[in-house]
Amino acid sequence: MKTEIEDKTLQKIRALIWCLTNAPVPVLLLAVLFFAFSGCQMGAQIQDGVMQDVQVSLMWPPPPEPPRIEYLYNISKPDDVGWSPSFFEKTIAFFAGHHKNRMMVRPYGIIIGPDEVLCVADPGARIVHKFYLKEKAYKKITEFSKQELVSPIGVALDTRGMLYVSDSALRRIFVYDRKGKSVRKIGSDALLQRPTGIAIDPSSGRLYVVDTLAHAIKVFSLDGSFLFSMGKRGKGEGAFNYPTAITLDKDGNLYINDSMNFRVQIFKPDGTFSGLFGKHGDGTGEFSNPKGVALDSEGHIYVTDAIFDRVQVFNTAGELLLTFGEAGQAPGQFWIPTALYIDSTDRIFIADSYNKRVQAFKFLSGGWR
């Protein structure tokens, strides 16, 4: 049974064939441009502002086990959220090449706010993409006060909707208002060597910055004042070896991806060491190149591994519950997954970096302890 999109695609093909055989040159040119920019998607449809892969149904674990993770969709370009520029904008973008600046190149940091704006830091494109899922719109951030971004890699949102972006090359955290206007910058060359993952504790008003090259976590107030630093290089408890990501649970406990120590470390809100799990290896429950860390509403801990191209899920005791994903380019497969973010509705957004997309999944609650 044909989908509505397939029927429309056939209509466009017939129209293009008629133009090729009957129409004068000006009409022919317009027809070709229309067909080129119409953005038809075979086997896909827009639902709630997001492209749905209508023929894809993926669950983990597979039957007969009860499913815990469900694949939803992927986003690689503004069209995937229903954004539709005018014909004039399409034509100008086509000849000027501007359409390429809206494509993901190497997505990394991800966050989505209650207003359904998905922000994706893309160091490959040197921009931050803003996908408006409800409004079917798209914007991008390319600079801070006329200074071009070089390597935006981490993103965070405060309770007012202000967007914080870490630029690992410029050694700063840039702050923008809801409209993308530059507000202030945080940090200095003396304080930050390579800021990567960032997170905000709304209860304390603290901004936590992973400084990968300093092997430490730098803590600031939201107005930019430096408060203190956590950690140093090493293998012991509370020490780090090229950390990359940080997240907080609902009680303010910190979970830090201690990447080259191949583990996740846990700290209390005051910075006191609380525990750790993980080790180097190529088996389940072990890490090779862990990149991102996040928690769902029930406190399960998700860790991406860029070498294994998968996500591993652990309980609070560090026991493995599930893995999902494998190497590849199909839905549910990964090619160097990096950061991930889980929102209040348990949607799991994962930066599938070398596949140039963000994949969305859903945690199906109940059953795990």
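Quick look at the structure, then. Numbers given to residues run from 1 along each chain, matching the order in which its sequence is written. Owing to the predicted nature of the model, reporting of local features is limited to residues with pLDDT of at least 70; listing and counting of side-chain atom pairs is limited to 80 or more, with chain, interface and lining totals taken over all residues. Side-chain numbers here rest on the full set of heavy atoms in the structure, without hydrogens or water.

1. Observations concerning the packing of aromatic side chains
Point 1. Each Phe, Tyr or Trp ring, with Trp reduced to its six-membered ring, pairs with another whose centre is within 6.5 Å; inter-plane angles below 30 degrees give stacked pairs, above 60 give edge-to-face pairs, and intermediate values give tilted ones. A full pass over the atoms with the stated rule returns 15 aromatic pairs.
Point 2. Taking the centre distance of 5.5 Å and the plane angle of 70° together, the rings of F220 and F226 count as edge-to-face.
Point 3. You can call F220 buried: its relative accessible area is 0%.
Point 4. For F226, a relative accessible area of 36% translates into the label partly exposed.
Point 5. Centroid distance F240 to F267: 5.9 Å. Interplanar angle 45°. Geometry classified as tilted. Note that F240 is positioned in the loop between β18 (226-230) and β19 (245-248) and F267 in strand β21 (residues 263-267), a separation of 27 residues in sequence. Both residues of the pair, F240 and F267, count as buried. Three exposure classes are used, based on accessible area relative to the maximum for each residue type with a 1.4 Å probe and protein chains only: buried under 20%, partly exposed in between, and exposed over 50%. A run of H or I in DSSP becomes a helix once it reaches four residues, and a run of E becomes a strand once it reaches two; helices and strands are each numbered from the N terminus.

2. Some thoughts on the sheet that holds β21
Sheets are built from strands paired through backbone hydrogen bonds, the pairs being either parallel or antiparallel.
Point 1. Two strands qualify as a pair provided DSSP detects at least 2 bridges between them. As summarised here, the arrangement of the four strands in space is β19-β20-β21-β22, forming an open sheet in which the pairing is antiparallel. Among the strands making up the open sheet, the edge pair consists of β19 and β22 (273-277). Shown here is a sheet whose adjacent strand axes are inclined to one another by a mean of 20°, direction ignored.
Point 2. Both β21 and β22 contribute to a ladder of four bridges, which runs antiparallel. In the sheet register, V264 faces β22, and the bridge partner there is F277. To get an axis, a line is fitted to the C-alpha atoms, and for a helix only the part in contact is used. The angle between two axes follows their N-to-C directions and goes from 0 to 180 degrees.

3. A short note on the pairing of strand β20 (residues 254-258)
Point 1. The element β20 is extensively covered by neighbouring structure, given that five of its five residues are classed as buried.
Point 2. The side-chain alternation of β20 yields two buried faces, one formed by L254, I256 and D258 and the other by Y255 and N257.
Point 3. Both β19 and β20 contribute to a ladder of four bridges, which runs antiparallel. From the neighbouring strand, L248 faces β20, where its bridge partner is L254.

4. Here we look at unusual backbone geometry
Point 1. Look at the link from W60 to P61: it is a cis peptide, with omega at -10°.
Point 2. Within the fold, P61 resides in the loop between β3 (59-60) and β4 (69-75).
Point 3. With an omega of 10°, the peptide bond between P63 and P64 qualifies as cis.
Point 4. Among the structural elements, P64 can be located in the loop between β3 and β4.
Point 5. Even without being a glycine, E116 presents a positive backbone phi close to 65°.

5. Re the sheet that holds strand β12 (residues 163-167)
Point 1. Taken together, four strands build an open sheet; the order of strands is β11-β12-β13-β14 and the sheet is antiparallel. Single-partner strands in this sheet number two, and they are β11 (152-157) and β14 (182-186). Sheet twist, expressed as the average angle between the axes of neighbouring strands with direction ignored, equals 25°.
Point 2. Of the pairings in the sheet, the one linking strand β13 (residues 172-176) to β14 comprises four bridges and is antiparallel in character. Each bridged residue has a counterpart across the sheet, and for F174 the counterpart in β14 is K185.

6. Focus on the nonpolar core
Proteins that are soluble and globular tend to have nonpolar side chains buried together.
Point 1. Joining through side-chain atoms within 4.5 Å is the link that ties buried Ala, Val, Leu, Ile, Met, Phe, Trp, Tyr and Cys residues into a set, and such a set is a nonpolar core. Judged by nonpolar contacts, the single largest core of 18 residues is most densely connected at Y73, I75, L118, F131, L133, F349 and V358.
Point 2. Listed by contribution, the elements that provide at least two residues to this core are β4, β5 (110-112), β6 (117-122), β7 (127-132), β28 (347-352) and β29 (357-363).
Point 3. Top element by residues in this core is β4. It accounts for three residues.
Point 4. Counting residues in each nonpolar core, the second largest holds 17 residues, with Y71, F324, I348 and F363 among its members.

Any functional reading would require information that these geometric values do not contain.
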